[in-house]
Each structure stands twice: as structure tokens, then as C-alpha cells.
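# Summary of the model geometry
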Amino acid sequence: SRFGIVVPVMLVQYVWGAQATSYYLAPLMASVGLHLFVYLVARKLHGPVAGAIAGVALLGFEPMVRPSSQVLPESFGPLFAMFAAYMALLATDRKSPRARMVALILSALGIFGAYAAKVVYLYYAPGIALLVWLGTVQPAGQLSATIAFPVNAGRVARAVAWARARGLFVPGILTLA
């Protein structure tokens, strides 16, 4: 029953009351949180200018404008997914096993929240798992995702091209075109 939407709305109504104006607060806060995490992910990967560009570009992205003022899965699912991606990035940079585990647990909770908002957001989970794996498992030891992601993105692209050349992608299911 999409409790990834219901629970945040209930929390907002608990704090600000069940009135007409509080209807807009939960999606607005989700939109602000989404923009924050888009900025943080882009900043972590490519610096503060890229973060600012990503955040501003999302402001004008029309499919995100309407969910910013309505209680829809598209308000909360992307927020939880970007939270999970940011926590996964933080997990790749953590030195202590405890801090890394906390970041991974928070990332898993973010994916669960995205799934709870709408089941299709569960498709972000393999990408986030790949991000954690590519950001940490390196021949030269631990490597931050900030460095490893661009390097390994080329490896992934070559692997995808190799698989496509051999007809390993089933049309309509795993096609990248």
C-alpha cells in the first residue's frame, strides 16, 4: 500500500496537523531533499560546480515539477533512491568498517523506501550495488568511488558493448538502445 508515501505524509500531518496546507508540505520537502541529494552526489563525483549544475538542471526538469506539489510516488521514490546512492558513495570512502556498515545500512533503507514508494524504484538497487562494488573492489586496494567510478564506467561500457556484439541482450528486457 505504498507506505513509502503514506509514512512521510503521516509524519508531516502529525507535526503540522491534518489541514489543507499541510498536504503540500510533504512533497515540497521531498523535492527539496531530492535536489539536495542530487547536488551532493554530483559534487562528490565531479565537484561543486557539477553539483550546482545538476541541482539547477533538476529545478527545470518538467517531470519533477508536478510531483513537487502533489503526493505522488514520483515525489518520494527519487528522493529515497538518491539518498541510497549518496549513502553508497559515502560507504566507498569510509575507512572504518563500522562507518562503512552504517552507510551501507542507510543505503539499503533508502532503496527500501524507494521500493515502498513505488515498486519500479527497486530497479535502482543493482546499480547502487554495482557502484559500491566498483568503488571498493580494486586491484590496488581500497579506492574511493570518486576516482573509481569514471575509470570503471569505461570497463562497464566495454563489457556492455561486448555483450551486445554477441547478442546477449534480449530485446525489450536488457536492451540499452
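My aim in this report is to walk through the structure given alongside it, one point at a time. (Residues numbered from 1 in each chain as written. Predicted model: local features only at pLDDT ≥ 70, side-chain atom pairs only at ≥ 80, totals over all residues. Heavy atoms only, no water.)

### Concerning the pattern of salt bridges
A complete count under the given rule lists two salt bridges for this structure. Residue Asp93 is joined to Lys44 by a salt bridge in which the shortest nitrogen-to-oxygen separation is 2.2 Å. On the criterion of sequence distance, the pair formed by Asp93 in helix H5 (residues 73-93) and Lys44 in helix H2 (residues 25-46) is long-range, its members being 49 residues apart. (Salt bridge = Lys/Arg side-chain N within 4 Å of Asp/Glu carboxyl O. Helix = DSSP H or I, 4+ residues; strand = E, 2+ residues; numbered from the N terminus.)

### Examining the nonpolar core
Counting residues in hydrophobic clusters, the biggest one holds 29 residues, and the most contacted among them are Leu34, Phe76, Tyr86 and Ile128. Where this core is concerned, the elements lending two or more residues are helix H1 (3-16), H2, H5, helix H6 (97-117) and helix H7 (124-136). For this core, the leading source of residues is H5, giving 10 residues. (Core = buried A, V, L, I, M, F, W, Y, C linked by side-chain atoms within 4.5 Å. Buried < 20%, exposed > 50% of the residue type's maximum accessible area, 1.4 Å probe, protein only.)

### Quick notes on empty space enclosed by the protein
Considering all chains together, one arrives at one cavity of 30 Å³ or more under this definition. The volume enclosed by the largest cavity comes to roughly 40 Å³. Every residue along the wall of the largest cavity is listed here: Pro27, Ala30, Ser31, Leu34, Met64, Pro67, Ser68, Glu74 and Ser75. Counting residues per element, the ones that place at least two in the lining of the largest cavity are H2 and H5. Across the lining of the largest cavity, the residue classes break down as five nonpolar, three polar and one charged. (1 Å grid on protein atoms, 1.4 Å probe; cavity = no way out; pocket = protein on both sides within 12 Å on 5 of 7 lines; lining within 4 Å. Points joined across faces, edges and corners; volume = space filled by probe spheres on them. Nonpolar A, V, L, I, M, F, W, Y, C, P; charged D, E, K, R; others polar.)

### Structural notes on the layout of surface pockets
Looking at the largest pocket, its volume works out to about 260 Å³. Along its surface, the largest pocket is lined by 14 residues, and Ala81, Met82, Ala85, Tyr124 and Ile128 are the ones closest to its centre. Counting residues per element, the lining of the largest pocket draws most heavily on H5, at five residues. Residue composition of the lining of the largest pocket, grouped by class: 13 nonpolar, one polar and no charged. Of the volumes computed, that of the second largest pocket is approximately 190 Å³. Taken together, 15 residues form the lining of the second largest pocket, with Gly4, Val7, Pro8, Leu11 and Phe80 sitting closest to its centre.

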